[in-house]
Amino acid sequence: MPVPTTSPAQAPVNSRSRVLIASLIGTTIEFYDFYIYATAAVLVFPALFFPSSDPTTALLSSFAVFGAAMVARPIGAVVFGHLGDRIGRKGTLVASLLTMGIATFLIGVLPTYAQAGWIATTLLVLMRLAQGFALGGEWSGAALVATENAPSDKRALYGTFPQLGAPLGFIIGNGLFLIIGALLPSTAGADPSQPSEAFLSWGWRVPFLFSAVMVAIGLWVRMRLVESTVFARTREAGLVRKLPLATVFRNHWKQLVLGTFFMLATYVLFYLMTTFSLSYGRAPKDAAVPGLGYGYTTFVVMMIFGVLFFAAFTLISGPLADKYGRRATLIWVTAAILVFGLVWVPLIGTGTLGVVLWLVLGFTLMGMTFGPMGALLPELFPTSVRYTGSGISYNVSSILGAAVAPFIAVALWEAGDGSPRLVGVYLSVMALLTLVSLLIGKETKDVALDEGEAPTRRDHDRDPAATAAP
């Protein structure tokens, strides 16, 4: 008597709450880890790991290491994408979270340059590369967990939950830095924009060490996931690819290019509003390269207020993209980003109210452009190469946008003698490139996630890159 088999349709499925929590908590932790490094890169790392008589040189060196992680992200996208498309999403997501957590924890116990010289700086670079490598595999996996388990008419809404991890990670990470800064305030007469000796000595380490607790929670949630039905059908049909990377470059290179430019304005805006703005907001008005002159605590509170709009409009963007389409929504938002870059100076020049409005508008646009990406990039690729394809597009864009954005922004800030006008123009130019790519691209709202896997069995059999799953 034949043994009954369980089809993917009969296999256990993830509940809606499990999908949303698993996609949200992992990216929250990953972005928390990334943000605390970004904050430390501005606040303490120039002094602790990149000593220099010129503060701008030290800051640029710190930003260069910050950007180095973006270079590692496409490598992580290829490695984790290969594993995610070959063996499944669940195990790959667990591995990426562990990698990020270990690297972040180790940063918290590193010696400083004063204690170990260039060895300390080298170890920081290595840990930063490990963070970038891990995040290269995290985002696409979390987006796939959300979208592959979503109803077809709510994919953009589900796709906003991994995106929501970015503002939540920012709030948790910077909120923790604020609490520590309040407990370890600068001594009387010291520059309030600079951290205290206790903060420089050990306080900055606490957020990095605390990540271990968050990673443990994230692992517990993700270990309870089961593979999506979409991927299970692909594996049962024998459509798993031996070399997903080769397949995606051979058959889907146009989607790779378009996906990369879809994300460009998002990345540039993202890191200008988080990393550059923190440097610009804290720089004294009478410095060689003047800034806004706010104290650290004051400006970070203003940023967190803006990030609340980031979170809210990330969620709002999902239903809009489900109703009107990803492309149509993003075309209007990207056009607004282009205009936003041109009005930086008039906004900031009106005083504190203008600075708050600048932050609110920037983070609102960030939510509106970032939210739909959780559905759009995965929808560009078939299931057998979706992890690899969406991950490469997302992370190659990090090199073109995020890796160089803080560095270019500081250089343009210097060139403008303290005015951010050229930085805003830079954002507008990047938005124009994204706008052109969106006009060239096609709508993906009604694309079935398992569509186009293999038109005929004969076509599949001729493809040497395809193999039955082990």
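Quick look at the structure, then. Just so you know, these numbers come straight off a predicted model, no measurement behind them.

Calculation notes
- Residues numbered from 1 in each chain as written.
- Predicted model: local features only at pLDDT ≥ 70, side-chain atom pairs only at ≥ 80, totals over all residues.
- Heavy atoms only, no water.
- Patch = residues over 30% accessible without salt bridge, like charges linked within 9 Å, V, L, I, M, F, W, Y side chains within 5 Å.
- Areas by Shrake-Rupley, 256 points an atom, 1.4 Å probe, with all protein chains shown as cover.
- Salt bridge = Lys/Arg side-chain N within 4 Å of Asp/Glu carboxyl O.
- Helix = DSSP H or I, 4+ residues; strand = E, 2+ residues; numbered from the N terminus.
- Buried < 20%, exposed > 50% of the residue type's maximum accessible area, 1.4 Å probe, protein only.
- 1 Å grid on protein atoms, 1.4 Å probe; cavity = no way out; pocket = protein on both sides within 12 Å on 5 of 7 lines; lining within 4 Å.
- Points joined across faces, edges and corners; volume = space filled by probe spheres on them.
- Nonpolar A, V, L, I, M, F, W, Y, C, P; charged D, E, K, R; others polar.

A separate point is a nonpolar patch on the surface. A cluster of nonpolar residues, Leu98, Ile102, Phe105, Leu106, Val109 and Leu209, forms a patch on the protein surface that exposes about 470 Å² of accessible area. Among the elements that line the nonpolar patch, the one with the most residues is helix α4 (residues 89–107), at four residues. Mapped onto the secondary structure, Leu98 falls in helix α4. For Leu98, a relative accessible area of 37% corresponds to the partly exposed category.

So, about the layout of surface pockets. In this approach a probe as big as a water molecule rolls over the atoms, and the regions it shows empty are the leftover space. Here the second largest pocket is characterised by a volume of approximately 210 Å³. Forming the walls of the second largest pocket are Lys254, Gln255, Leu258, Phe262, Glu379, Leu380, Ile440, Gly441, Lys442, Glu443, Thr444 and Val447. The greatest single-element share of the lining of the second largest pocket, amounting to four residues, is contributed by helix α12 (residues 253–262). For the lining of the second largest pocket, the residue count by class is five nonpolar, three polar and four charged.

Turning our attention to empty space enclosed by the protein. Applying the stated criterion across every chain, the model contains three cavities of 30 Å³ or more. In this structure, the largest cavity spans a volume of roughly 70 Å³. Lining the largest cavity we find Asn14, Arg89, Lys90, Leu144, Val145, Glu148, Asn149, Leu225, Val226, Glu227 and Ser228. Element by element, the count of residues in the lining of the largest cavity is highest for helix α6 (residues 118–148), at three residues. The residue makeup of the lining of the largest cavity, split by class, is four nonpolar, three polar and four charged. For the second largest cavity, the calculated volume is near 50 Å³. Tyr35, Ala38, Thr39, Phe170, Asn174, Thr274, Thr275, Leu278 and Met303 are the residues that line the second largest cavity. Along the lines of polarity and charge, the residues of the lining of the second largest cavity split into five nonpolar, four polar and no charged.

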